[in-house]
Amino acid sequence: MKVIIYIALCLLLGIMATLALTNTFPFNSGGIGNPTARDILKGNPDADILKLDGLIYSNVSDREWLDDNQYTKGEEIGEIKKQTTATWWYRNFFATKLPKGTKIFMSNGKDYDEYPPSSVIVEINDEELVYQAMVEG
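Note that this is a predicted model, so its numbers are computed, not measured. (Residues numbered from 1 in each chain as written. Predicted model: local features only at pLDDT ≥ 70, side-chain atom pairs only at ≥ 80, totals over all residues. Heavy atoms only, no water.)

Trainee: Give a description of the pattern of salt bridges that names residues and reports values.
Mentor: Scanning all chains against the criterion turns up five salt bridges. The shortest N-O distance in the salt bridge between K103 and E76 comes to 3.9 Å. In this pair, K103 is assigned in strand β6 (residues 103–107) and E76 in strand β3 (residues 73–79), connecting sequence segments 27 residues apart. Residue K103 is classed as partly exposed on the basis of its relative accessible area, which comes to 33%. With relative accessibility at 39%, the residue E76 sits in the partly exposed group. (Salt bridge = Lys/Arg side-chain N within 4 Å of Asp/Glu carboxyl O. Helix = DSSP H or I, 4+ residues; strand = E, 2+ residues; numbered from the N terminus. Buried < 20%, exposed > 50% of the residue type's maximum accessible area, 1.4 Å probe, protein only.)

This is the structure:
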């Protein structure tokens, strides 16, 4: 009897761990949350994204509504640590298209404080690209 209870508990813990690692536990009760790298790459495997402070930022440099003069490079935040499309452990300062070492800057002269910025500027090959936070709500 003890063996059966032990096996059942191990299976239950294994299932809960699997659900937690796949972002399906605790179960989503219909609330809206910010998209994850997995959410974005599932819909568009070729997406140009990066992660900073738990938020996913998407490259919006080619959007028609973007006014290049509207964005100016501010203080440096950090640099890309890894280029990857693996979504299991997609961490801060990881990117899908930007190579390791690419510098990330604040936009519009704002200071980096306790809140993640709504947009950042990335400098690569003497070109500045604008990335905007993907926020729901």
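Structure's up, so let's keep going.
Trainee: Any details on the packing of aromatic side chains? Residues and values, ideally.
Mentor: Applying the stated rule across the entire model yields one aromatic pair. Ring plane angle 80 degrees and centroid distance 6.1 Å describe the contact between Y90 and F94, whose orientation is recorded as edge-to-face. Exposure class is identical for Y90 and F94. Each is buried. In this structure, R38 packs its charged tip against the face of W88, placed 5.4 Å from the ring centre. Between K73 and the ring centre of F105, over which it is positioned, the NZ or CZ distance is 4.6 Å. (Phe/Tyr/Trp six-rings, centres within 6.5 Å; stacked < 30°, edge-to-face > 60°. Lys NZ or Arg CZ within 6 Å of the ring centre and 35° of its normal.)

Trainee: How would you summarise the pairing of strand β1 (residues 49–52) if you had to cite specific residues and measurements?
Mentor: Side chains I49 and K51 of β1 all project onto a buried face; the interleaved residues L50 and L52 project onto the opposite face, where all are buried too. In terms of strand pairing, β1 meets strand β2 (residues 55–59) through four bridges, oriented antiparallel. Bridge pairing in β2 links L50 to Y57. Linking β1 to β2, which pair antiparallel, is a turn of two residues; within it D53 sits at a positive phi near 50 degrees. (Pairing = 2+ DSSP bridges.)

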